[in-house]
Every structure is written in C-alpha cells, then in structure tokens.
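The residues making up each chain are set out below.
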Amino acid sequence: MQRRDFLRLNAIAGASALLGPSLAGCSQPAEWQRLMTAGPATIKPTVCNMCFWSCAGQVHVRDGEPWKITGHPDDPHSMGRLCTRGTAGLGAYYDPNRLIKPLLRVNRGGSQQFDVVSWDDALGFIAGRLEKVAKEHGPEALATLVHGPGAEHFVHLTKAFGSDSISEPAFAQCRGPRDTGFYFTFGEGIASPEQTDMENAKCVVLIGTHLGENLHNSQVRTFADAIRNDATIITVDPRFSVAAGKAKYWLPIRPGTDIALLLAWTNVILAERLYDADYINLNTVGFNALAAYIAPFTPEWAYVETGITADVIRQTARIMAASAPATVIHPGRHTVWWGDDTQRARAVAILAGLLGIWGQKGGYYMPESVALPEFPLPAYPVPKKSWRDITISKFPLAGQGVTNVMLDNMVGSDAYYKAMIVYDTNLPMTMPNSRATLTKAAQALDLLVVVDVQPSEMTGFADVVLPECSYLERYDPLRSESERDPCIALRAPALPVQGDSKPGWWIAKQLGHRLGLDKYFPWNDYTEVIDWQLKQVGSSLTEMQTLGLKPYPRKTPLYLTPGAPLNLQTPSGKIELYSQALADAGFDALPRFTRHAQRPDGFFHLNYGRAPQHSFSRTQNNPVLYQLMPENLVWIHPDTAMQFAIDNESYVQLVNQDGVVSNKVRVRITERIRPDSVWMVHGFGHTAAGLTLAYGRGADDSALMTRVLYDPIMGGTGMRGNFVTFRKEAA
Ligand SMILES: Nc1nc2c(c(=O)[nH]1)N[C@H]1C(S)=C(S)[C@@H](COP(=O)(O)OP(=O)(O)OC[C@H]3O[C@@H](n4cnc5c(=O)[nH]c(N)nc54)[C@H](O)[C@@H]3O)O[C@H]1N2
Ligand SMILES: Nc1nc2c(c(=O)[nH]1)N[C@H]1C(S)=C(S)[C@@H](COP(=O)(O)OP(=O)(O)OC[C@H]3O[C@@H](n4cnc5c(=O)[nH]c(N)nc54)[C@H](O)[C@@H]3O)O[C@H]1N2
Ligand code: SF4
Ligand SMILES: [Mo]
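Predicted model, so just to flag it, every value in this text is computed and none were measured. Here the residue numbers are simple positions, counted from 1 along each chain's written sequence. Chain A is the first chain written and ligand 1 is the first ligand written, with later ones labelled in order. Under the rules for a predicted model, residues below a pLDDT of 70 receive no local features and side-chain atom pairs below 80 are neither given nor counted, while totals for whole chains, interfaces and linings still include all residues. By convention in this description, side-chain values take in all heavy atoms of the structure and omit both hydrogens and water.

Draft legend 1. Molecular detail of the overall build of the chain. Runs of E in the DSSP output that reach at least two residues are strands. Runs of H or I that reach at least four are helices, and both are numbered from the N terminus. Of the regular secondary structure elements, the chain holds 23 helices and 27 strands. Radius of gyration means the value over C-alpha atoms here, while the globule rule gives 2.2 Å times the residue count to the 0.38 power. A compact globule built from 731 residues should have a C-alpha radius of gyration of about 27 Å, and the chain, at 26 Å, falls within 12% of that. Using a 1.4 Å probe on the protein chains alone, a residue whose accessible area is under 20% of its type maximum counts as buried, one over 50% counts as exposed, and one in between counts as partly exposed. Burial analysis of the chain (731 residues in total) assigns 61% to the buried set. By definition in these notes, contact holds between two residues if any of their heavy atoms fall within 4.5 Å. Within the chain, contacts between residues separated by at least 24 positions form 74% of all contacts whose residues are at least 6 apart in sequence. Per-residue and other accessible areas follow the Shrake-Rupley method at a 1.4 Å probe size, with only the shown protein chains counted as cover for residues. With the model as given, the accessible surface of the chain reaches about 27,000 Å², and the carbon-plus-sulfur share is 53%.

Quick look at the structure:
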C-alpha cells in the first residue's frame, strides 16, 4: 500500500480542522475599552505547559474572558511570576492554527490527505488497528513516545494495554547522561527542578548551562540571587552567553574539551590538597585510584586541549574549593553533546563529590516531594518483552526507554514495534537525524497516532491526528515534584474548550474503553482520580480549585548535617569516585578524555541553544511570542564573516559536513562567539505548512545534525559533532 507520504496539514479535506482566525486576541481599541471597564477578575489555577518547568499559575478571567496569566505567589517554581513564554500562554489558546478536530489519513485516487472525522471514527480506527497489532504481534509491539505532564495518561494506557515500551526525549535527547553519571557517583540522579542551592552559594560554576537564555523560571531567579550576593560566577562556554556576561570568569573553551578541563580542576584540588580529608575518608570510595589516575592531567596539559590557560584553571579551582561546600557545580540539563556525555557528567559529579557539596547549604540541597498515593487500580499485565530486552544489548546501562532505540526498531525486516503513539513531542525536530527513519517507520508501522495541539511536523507522519485541548482547558495529573519546598499544584480547566479538542485523560480513557480496558479506567471523570489523591494528603479538589497550590511542611531537613556520614544509594553507600559498576559493565571507571573530530577546513562547529522567548519547537507559531522573536539568527564571528564576505543581517544558508543545506537564516555578526563556531537558537525552521506564522522562518538546527554521537553507556544522542559552512543567498 502506498500510504503515508509526509502530509502537510494544509492539505485537509472537508470542514476545517484548525481553529481559524476568528478568535484571534484582543488588539482592537474596543477590546481595550472593554477590559478597562470589565468586572473584577476571578482566578483559576493552572500549571504552565509552555515548557517543562511546570510553573504554577493563575488565569485571571473577567466577564467570562481571559485577561492574563500570572505566577502563583506561593509556587517555588515561579516565585509568583511567569516568564515570557508562560505569560504568552493565551497566545497558545487563541492560536488560529490550533488543531480542533480529529484527522484521519485517507488514500483517495492515489493521493493522500487528511479527512476530518468524528472522535468516534478516529478512536474506533485506532482501537481496531491496536487490536490487530496485539493479535498478530502481542501488545508489546506498541511503543509510546511522550513528553510533559499529560504524558501520564498515555503511559497508563500503554501499560494497561500490555506494553512498557515508553520513552521520552527528556532522557536520550536531554538529561539522560547527567542523571546516569550522577547515579553512578551518588546513587541517584539530579532532580528536576535541579537541586542547586544557588541563592546560598558563594561560587557558581556553569559548564554550558546558559542560564538566562535557558529560562527555567525559579532557576534563573536563584541564579540572580547568587549574582546579587556577589557569589563568584564561573562560566565555561565557547560563547559569551548571558550568564558569561554576569560572571567573574568566562572560560571560552574549545568546543568538546570539557572533560579535559574537569580533569585538570580535579588535578588541582588533589595536588594542592584543597579537599577535606576527613570528609573524603568518611564518604568516598576510590580516592587513591582517582589520585593516581588524575596526576598526569595537569592544567598545563589541559591548556593544550581546551585553550584555557593553566593559570585560570588553577585560580578557578582554588575559588571553588575555598567556597565549598557553598559551591554549586551546576550539573547541566541538556547534556547530549559529544557522545562521552555520561563520562563528562561523571567528571562533574566527582568534582562535586570532592568538594563535599552533596546535601550542603550553598551546594546541592536535598529535595523532597509530597508522597501522593497512586489511585487504586488493578496491576498491569506483565509484558512478554520489555523495553529493556530491546535496549540493553545496545546501551547496557540505559535506565529508561531510549527514544532512538525504539524508533530504530520500527524499521527493517526484523522491526519489533508495529504501532506508535506520540504525545506532546515533535520528534522530527527533537531527535537528531530522525526524519529518514521516521519516514520509513511511518511506512512500516500498522498504526501511528499523534496527539498534539497544533499541526506540528510530527503530525505529518500520522495515520490519525488527535487534537488535544491546550493546558488552559484541561485537568492533568497533579504536580508533585521533588524540590526545596514540597507542594502540590493543580492544572484545571480555566477557559472554555476550543472546537472539538479534548483533554488527554478523556482520549486515553475512550481508547481504553474501546480496547476492553475499562477496569483500568474505573472512573467517569479524571477529577475523581485527582480528588481521591488529594483526600489522601488532607486536601480535596474543591480546596485546590481555590488554592491552586498547597505547600506541605518538609519531613526531612533541607541540608544534611555537616560531618555526618552520607548514606547514599550506591553499592558502597558512599560517593563512588571510582565506579566499579561502570568497570563491571566494560566502561571506564574513571572519566576518560577523548579528542573529538576536528572541524574540516572552512567549516565551523554548529553550536545551538535557547532564547528566553521560545521553548524548543513548540512556541514559534504562538502569535505573541512570534512577535517577540519571529526568526532565529546565526551568530558568526567577525573574522569568519570577513573570510566569507558575509554582511551583518544578510541571509545565508548553512551547509553541513554531509551536504545538507538549511533554510535561509539571518546573520548576526558578533564577537560573542568563538571564531571556530556558529550559534543558533533551536526550534526554528519549521517545515509544517499548517504553522502559518512559523513556517519557513529561520533555520532548523536538527536538520543539520546528520552526525549523531551515541553515548555507549545510556544511548544519548550527542548532537554537537556537526559542522557547517555558508552558502550566500543569491541576490
Ligand atoms: N527559553 C528556554 N529555556 C529553556 C528551554 C527552552 O526551550 N527555552 N528548554 C529547557 C530544557 S528542557 C533544557 S534541557 C535546557 C537546556 O539548556 P542547557 O542545559 O543550558 O543547555 P547546554 O547545552 O548546557 O547549554 C547551551 C550552551 O552551551 C554552550 N556550549 C556549546 N558547546 C559547548 C562546549 O563544548 N562546552 C561548553 N562548556 N559549552 C558549550 C553553548 O554556547 C550554549 O551557550 O534549557 C531549558 N530552558
Ligand atoms: N536539534 C536539537 N534537538 C533537541 C534540542 C536542541 O536543543 N536541539 N533539545 C533537546 C531537549 S533538551 C529536549 S527536552 C527535547 C524537547 O523536545 P519536545 O518535547 O519534542 O519539544 P517540542 O519541540 O517543543 O515539541 C513539543 C510538541 O508538543 C506539542 N504540544 C505542545 N503543547 C502540547 C499539549 O498541551 N498537548 C499535546 N498533546 N501536545 C502539545 C507541540 O505542538 C510540539 O509538536 O528536544 C531535544 N532535541
Ligand atoms: S519557566 Fe516559563 S514557560 Fe516554563 S513553565 Fe515556567 S512560566 Fe511556563
Ligand atoms: Mo531538555
């Protein structure tokens, strides 16, 4: 069957499946007049979904019309204020390109298109295909790729169906290496929100981690506290980031050489005995092995690799040690860089371990969450084949499902997976070099369902597109995360549902019903689940509708007692400077520095990151944020610009090492980038025509990432080993 060409969502037959411009915002003077005279605001609780920091917010509604969204005053994530993107949530609500009806791919006279169909038809089609897959291949042949808090509904559905093949890009495209490296050192990963006690730190070290551009609300606020408190800020970044602009030390490191710097810092701390020997004796294993290993990695050695002078390496190491334990060595978040990322995270963790910052004021605090009981449900069926069986042979120490492994197992003659559900993730722009595999997977799979709010690139691969209503229109699982001050926050519908879009819980339950899984959905409305959970912790849905956020007292101290032995979950119970577990699995027990590919002549490191106005690839079409930043720019050093005769503000195309050519992108000539690199913000260069504002604006970094450097330990997709040169726009 010749189906599943990539469909652009303006190729929809019949009645419009998009919201359309009629509801667009309130820019007219009459609107302003109305707002000036409207009645007092009622406040409805929400949890922001414009990024995954999940700030608790308040939607202010006057005379039935949304007015504004603000941060919840008691929320540790938002500290009472939302960021640029959170404030622009109403733009997502009103976006005329929003999906509002289910779509089904049909083949009509040899050409493919999406038909608008009823929910009943869409869900019936999906259930029929899933039942066929289960009958022919077993329910384990379903893989579910998800992101965000609403993912829980589809995780639940997938497990009830009989598969545990669930993964999210937050692991293999984001935090996986960091959490794996910390796990093998401290016995646990770093929390989200990160447990960095920056407001009490005397020294903050940022390796990459471009706080300020990377805008995770309270994290940036506590970084600002550190600056206000005169903490010594040390940033390591090939680019003069916003954070570098606030720093005492900016180390413009040669890209990809961070492990060399980390080893040299460790060398200085050991050589100059800048550690607390009692702490090391009590709390670490492998110190002698580390000391012997580290001896050759002097600052002079590291200078040659990193370009950072030995003097600066020594000075910064001494400041970190003198400030310890009030030193935050930030663990980073997007850590899939060069493929040796778990080892780089190990090097970070070892340094943190030597400085004794675990559980200490001004270092890493001990996060705590509210223990929220699970709603009572029957046990899930045990899958005959687990994601582990499929993953471990490739990436032995992957602690979670790996998106890229699942995707790879959807193509080829021995493809294991036959159906995929995708929720709240835009895989073609999220997983590097995935478009070809996605295209093949879409051909090969018996079913591909995409649940999204807008006609993203991912929807173009789907058999069925299901329109979820926005976070402002729905209930989702309660927010209960590990953090400084434990609390629970409620996302509840604040605004009327647009069109025929539906909340994720409803979609999952309806599918469950059609698949004969009613016993896993023994409630009529998801509010019953939330209310039951809240009642177990002394609250209720009624109370939370008013409160929005409920703080709970901590049960354990925020900091560990200085001098008391750590009781970690590592095999030794101590900080594992030397990791026997890694050695046993055939990996380096101590982090190894590897020289990465040199850039070819005339090519430049493709460096990328965030801008405060946007999140990943999800906000470029938001009418409010589009106005703030309609396209991304490519940062080019003046020497490079001169060499290629490129003018500031002109448009160029980027061509990568494999000949892939980008969209045209506007040039910003700046000394804030190393001459060997260019930089751009991720998430632009949309190819989905249904995103009428974002379509064709700026360039897509992911499209240029045809070289993926896999982390052999946990499967992370290193993205930084790509290089580009320039093609000038024809006049
Ligand atoms: N506004 C906004 N904020 C966000 C997000 C968003 O989409 N929008 N996303 C959030 C998420 S989920 C994540 S994971 C984080 C990601 O944000 P981070 O975790 O901060 O990402 P990094 O890759 O560490 O940081 C990017 C920086 O690394 C620098 N860099 C590049 N190569 C190297 C190198 O070889 N060595 C060093 N030391 N630095 C290098 C780049 O110049 C850039 O300044 O941001 C979060 N915050
Ligand atoms: N090239 C490159 N790739 C990257 C990164 C990078 O910097 N460069 N960053 C990596 C990192 S750190 C991360 S965390 C990942 C993030 O990757 P993703 O989680 O895939 O993030 P987005 O690109 O924002 O895609 C989100 C998708 O969800 C949809 N969506 C938005 N809101 C909702 C909702 O309420 N419900 C539903 N059902 N759908 C919704 C959006 O329309 C969009 O299609 O990307 C990773 N990939
Ligand atoms: S940091 Fe901004 S976008 Fe992210 S959840 Fe908070 S307010 Fe929303
Ligand atoms: Mo991320």
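Draft legend 2. Summary view of the packing of helix α6 (residues 169-186) against helix α13 (residues 341-355). Inter-axis angles, ranging from 0 to 180 degrees, are taken between N-to-C directions of lines fitted to C-alpha atoms, where helices are fitted over the stretch in contact. One can describe the packing of α6 onto α13 by two numbers: an axis separation of 7 Å at closest approach and a directional angle of 45°. Put simply, α6 runs oblique to α13. In the packing of α6 onto α13, the handedness of the crossing is right-handed. Here α6 contributes Pro177, Arg178, Thr180, Gly181, Phe182, Phe184, Thr185 and Phe186 to the contact with α13, which in turn contributes Asp341, Thr342, Ala345, Arg346, Val348, Ala349, Ile350, Ala352 and Gly353. By the definition adopted for this analysis, an angle is roughly parallel if under 35 degrees, roughly antiparallel if over 145, roughly perpendicular if from 65 to 115, and oblique otherwise. Left-handed describes a crossing whose near helix is turned anticlockwise from the far helix by less than a right angle; the clockwise case is right-handed.

Draft legend 3. Geometry of the site of ligand 1. The rule for a residue being near a molecule or strand is that one of its heavy atoms must lie within 4 Å of it. Neighbouring ligand 1 are 30 residues, the closest being Leu215, Asp237, Asp258, His614 and Arg720. Here a polar contact is taken to be a pair of N or O atoms separated by no more than 3.5 Å, where protein atoms must pair a possible hydrogen donor with a possible acceptor and residues adjacent in sequence count only if both atoms sit in side chains. The side chain of arginine 85 places a nitrogen or oxygen atom 3.3 Å from a nitrogen atom of ligand 1. One of the backbone nitrogen or oxygen atoms of arginine 333 is found 3.3 Å away from an oxygen atom of ligand 1. In isolation ligand 1 offers 920 Å² of accessible surface; the protein chains occlude 99% of this area. Here the term charged refers only to Asp, Glu, Lys and Arg, the term nonpolar to Ala, Val, Leu, Ile, Met, Phe, Trp, Tyr, Cys and Pro, and the term polar to all other amino acids, Gly among them. Counted by class, the shell around ligand 1 contains 12 nonpolar, 10 polar and 8 charged residues. Residue ranges assigned to the domains are those given by an automatic or database domain assignment. For the shell around ligand 1, the domains that each give at least three residues are domain 1 (176-367 + 570-584) and domain 2 (604-728).

Draft legend 4. Layout of the pairing of strand β15 (residues 447-452). The buried count for β15 comes to 6 of 6 residues, which makes it a mostly enclosed element. Where burial is concerned, the two faces of β15 agree: the one with Leu447, Val449 and Val451 and the one with Leu448, Val450 and Asp452 are both buried. Sheet topology places strand β14 (residues 419-423) next to β15; 5 bridges connect them, and they run parallel. Residue pairing across strands places isoleucine 421 opposite valine 449, the latter belonging to β15. Should DSSP find at least two bridges between two strands, the strands are taken to pair.

Draft legend 5. Structural context of the side chain of serine 241. Tracing the backbone through its elements, the reader meets serine 241 in the loop between β10 (232-236) and β11 (249-251). Separated by 3.0 Å, the side chain of serine 241 and the backbone nitrogen of alanine 244 make a polar contact. Setting aside residues no more than four positions away along its own chain, serine 241 makes contact with His210, Glu213 and Arg672.

Draft legend 6. Quick peek at the pattern of salt bridges. A carboxyl oxygen of Asp or Glu within 4 Å of a side-chain nitrogen of Lys or Arg is what we treat as a salt bridge. Applying the stated criterion across every chain, the model contains 27 salt bridges. Two residues, arginine 344 and aspartate 341, come together in a salt bridge whose shortest N-O distance is 2.6 Å. Pair noted here: arginine 344 and aspartate 341 are both in helix α13, with a separation of 3 residues, about one helical turn. Where arginine 674 meets aspartate 676, a salt bridge forms, and the shortest distance between an N and an O atom there is 2.8 Å.

Draft legend 7. Structural context of the nonpolar core. Grouped together as the largest cluster of nonpolar side chains are 58 residues, with contacts concentrated most on Ile207, Trp265, Met320, Ile329 and Trp358. At 10 residues, helix α8 (residues 258-271) tops the list of elements feeding residues into this core. Setting aside residues up to four positions removed in sequence, tryptophan 358 forms contacts with Phe182, Phe186, Glu188, Ile190, Gln195, Tyr279, Tyr364, Met366, Leu560, Leu566 and Leu568. Ala141, Leu142, Leu157 and Leu490 belong to the second largest nonpolar core, which has 52 residues in total. We call a set of buried residues a nonpolar core when its members are Ala, Val, Leu, Ile, Met, Phe, Trp, Tyr or Cys and they connect through side-chain atoms within 4.5 Å of each other.

Draft legend 8. Quick look at the sheet that holds strand β13 (residues 327-329). Ordered by their spatial adjacency, 4 strands build an open sheet running β11-β10-β9-β13, and the pairing between neighbours is parallel. Each having just a single partner strand, β11 and β13 make up the two edges of the open sheet. Taken over all neighbouring pairs, the strand axes of this sheet differ in orientation by 10° on average, direction set aside. Here strand β9 (residues 203-207) pairs with β13 via 3 bridges, running parallel.

Draft legend 9. Region of the structure containing the packing of helix α5 (residues 151-161) against helix α18 (residues 504-514). Taken N-terminus to C-terminus, the directions of α5 and α18 make an angle of 15°; their axes are 8 Å apart at the nearest point. It follows from the interaxial angle that α5 and α18 lie roughly parallel. As for the relative orientation of α5 and α18, their crossing is right-handed in sense. Residues His153, Phe154 and Leu157 of α5 pack against Gly504, Trp505, Ile507, Ala508, Leu511 and Gly512 of α18. When its residues are assigned to classes, the contact of α5 with α18 shows 6 nonpolar, 3 polar and no charged.

Draft legend 10. Quick look at the domain arrangement of the chain. Each assigned domain of the chain is listed here: domain 1 (176-367 + 570-584) and domain 2 (604-728). Between domain 1 and domain 2, the C-alpha centre-to-centre distance is 28 Å. With 27 residues of domain 1 at the contact, the number on the domain 2 side is 27 residues. Throughout, buried area stands for the accessible area (probe radius 1.4 Å) lost by two parts on being put together, summed over both. In this assembly, domain 1 packs against domain 2 so that about 2,100 Å² is buried in total across both faces, 60% of it on carbon and sulfur atoms. Inspection of the region where domain 1 meets domain 2 yields 0 salt bridges. Scanning the region where domain 1 abuts domain 2 turns up 10 residue pairs in polar contact (both at pLDDT 80 or more). The set of elements that each furnish at least two residues to the side of domain 1 that touches domain 2 consists of α6 and α13. In terms of residue class, the side of domain 1 that touches domain 2 is built from 12 nonpolar, 10 polar and 5 charged.

Draft legend 11. Quick peek at the sheet that holds strand β2 (residues 42-47). Spatially, the 3 strands line up as an open sheet ordered β2-β3-β4, and their pairing is antiparallel. Lying at the two open borders of the sheet, with one neighbouring strand each, are β2 and β4 (65-71). Going across the sheet, the axis of each strand differs from the next one's by a mean of 30°, ignoring polarity.

Draft legend 12. Focus on the packing of aromatic side chains. Aromatic pairing here means that ring centres of Phe, Tyr or Trp (its six-membered ring) are within 6.5 Å. Orientation follows from the plane angle: under 30 degrees is stacked, over 60 is edge-to-face, and everything else is tilted. Tallying each qualifying case throughout the model produces 26 aromatic pairs. Taking the centre distance of 4.9 Å and the plane angle of 65° together, the rings of tryptophan 635 and tryptophan 679 count as edge-to-face. Of the two residues, tryptophan 635 is situated in strand β21 (residues 633-636) and tryptophan 679 in strand β24 (residues 677-681); the sequence distance between them amounts to 44 residues. Given a relative accessible area of 3%, tryptophan 679 falls into the buried group. In this structure an aromatic cluster arises from ring pairing among Phe182, Phe186, Trp358 and Tyr364.

Draft legend 13. Geometry of helix α4 (residues 119-137). The end-to-end C-alpha separation of α4 is 26 Å, in line with the 27 Å expected for 19 residues at 1.5 Å each. Next to the buried residues of α4 lie β7 (142-146), α5, β14, β15, β16 (464-467) and α18. Helix span, expected: 1.5 Å multiplied by one less than the number of residues in the helix.

Draft legend 14. Region of the structure containing unusual backbone geometry. A cis amide bond, omega -5°, links serine 192 with the succeeding residue proline 193. Counting through the fold element by element, proline 193 comes out in the loop between α6 and β9. The omega angle of the peptide bond from alanine 324 to proline 325 is 5°, so this bond is cis rather than trans. Following the sequence through the fold, proline 325 ends up in the loop between α12 (310-323) and β13. We note that alanine 645 has phi near 50°; this positive angle belongs to a residue other than glycine. With respect to the element layout, alanine 645 can be found in the loop between α23 (638-644) and β22 (651-656).

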